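# Structural overview
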Amino acid sequence: MEAAAEKTLIMIPTYNERNNVGPLVTQIFEQGDDFDILFVDDNSPDGTGEFLDELARTHAPRLHVLHRQARRGVGSAHQAGIRWAYEHGYNALVTMDSDFAHPPSYLPTLRAAAAGYDIAVGSRYLKPDSLADWTPFRKILTRVGHFLTVTLLRMPYDATGAFRYYRLDTVPVAAFDLVRSTSYSFFFESLYILNRNGFLIRQIPIHVLNRTAGASKMRTRDVATSVRFLLLLCTEQYLRPSRHRIAAPTHRRPASA
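Residues numbered from 1 in each chain as written. Predicted model: local features only at pLDDT ≥ 70, side-chain atom pairs only at ≥ 80, totals over all residues. Heavy atoms only, no water.

This brings us to helix α5 (residues 136-153). Between its terminal C-alpha atoms α5 stretches 25 Å, which fits the 26 Å expected from 18 residues at 1.5 Å a residue. Within the sequence span of α5, burial applies to Thr-142, His-146, Thr-149 and Leu-153. End-on, the buried residues of α5 take up no more than an arc of 80°, which puts them together on one face. More than 90 degrees from the buried face of α5, the exposed residues found are Pro-136, Phe-137, Ile-140 and Phe-147. Positive backbone phi, approximately 55°, marks Arg-154, located one or two places after α5. (Helix = DSSP H or I, 4+ residues; strand = E, 2+ residues; numbered from the N terminus. Expected span 1.5 Å × (residues − 1). Buried < 20%, exposed > 50% of the residue type's maximum accessible area, 1.4 Å probe, protein only. Arc of directions from axis to C-beta.)

This part is about the side chain of Ser-183. Examined against the element boundaries, Ser-183 turns out to sit in the loop between α6 (174-177) and α7 (185-196). Every residue in contact with Ser-183, bar those within four places of it in the chain, is listed here: Val-74, Gly-75 and Thr-225. (Contact = heavy atoms within 4.5 Å.)

Another aspect to go through is the pattern of salt bridges. A complete count under the given rule lists 10 salt bridges for this structure. Close ionic contact of Asp-34 with Arg-111 constitutes a salt bridge, the shortest N to O distance being 3.2 Å. With Asp-34 in the loop between α1 (18-29) and β2 (35-41) and Arg-111 in helix α4 (residues 107-113), this pair connects stretches of sequence that are 77 residues apart. Taking the shortest distance from any N to any O, the salt bridge between Arg-167 and Asp-169 comes out at 2.8 Å. (Salt bridge = Lys/Arg side-chain N within 4 Å of Asp/Glu carboxyl O.)

Before going further, it helps to examine the environment of Val-74. Position of Val-74 among the secondary structure elements: in helix α3 (residues 74-87). A sequence separation of 34 residues divides Val-74 from Val-40, and the C-alpha atoms of the two residues are 9.6 Å apart. Dropping the residues within four chain positions of it, Val-74 is found in contact with Pro-13, Thr-182, Ser-183, Tyr-184 and Phe-187.

This paragraph deals with the pairing of strand β1 (residues 8-14). With seven of seven residues buried, β1 is to be regarded as a mostly interior element. Here β1 shows a buried face lined by Thr-8, Ile-10, Ile-12 and Thr-14 and a second buried face lined by Leu-9, Met-11 and Pro-13. As defined by bridge partners, β1 adjoins β2 across seven bridges and the pair is classed as parallel. Its bridge partner being in β2, Met-11 is matched across the sheet by Leu-38. In terms of handedness, the path from β1 via α1 over to β2 forms a crossover that is right-handed. The sheet contact formed by β1 and strand β4 (residues 92-95) spans three bridges and is parallel. What sits directly across from Leu-9, in β4, is Leu-93. (Pairing = 2+ DSSP bridges. Right-handed = clockwise from strand over helix to strand, strands pointing away.)

On their own, these measurements won't tell you what the molecule is for.
This is the structure we're talking about:
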């Protein structure tokens, strides 16, 4: 299948999100008729995948479902969705959560922000009240993660969030070939690699909402895994800097040292 010119694919991983996906699809399509959607479902026990198939039949050909046989991690789901977008000819991709933490009303703004850039990131840290709806524990956990990525990876961006716009016509798939993480570390590892290779990144402020239905998928071991991987990246940027370089990058500014 060839994607229509200038169409943007929105990729959303799901696991037990049956109560969210219907309203989410409605709100996304309200933002314009040039957005397509791909859900990547990891065999959700609550029947999310089957319900998505019903939605796909209703909204064909704009809604697609990629079924995977087991839960393999949110980073792995993003990798699968990103590759699907390249393979199906899309020149732009948005990634976002399925729990309404990223309001679909921001989609046109995020896309507009990418003009002249390679990646646009929805940031939770550009305005002081962006996390107002979150619990104190979730705020602390998120802010600690942001502090660590800014300090250790020397990136001023919201590197742990999923709400992003990628220009696939300027960012080669080779950039994602370098990403190893299959869990939540995918977010800061992928943005770190893009930043190291000189791709232009822009941020816009967003106000994130608390989950509307279901439960958070992040577990304590996911946090521990992310911290260990962050320390590994920090070490590699000094000892193995070539590990994160694309063989023949097509960047618009010199890659960072």
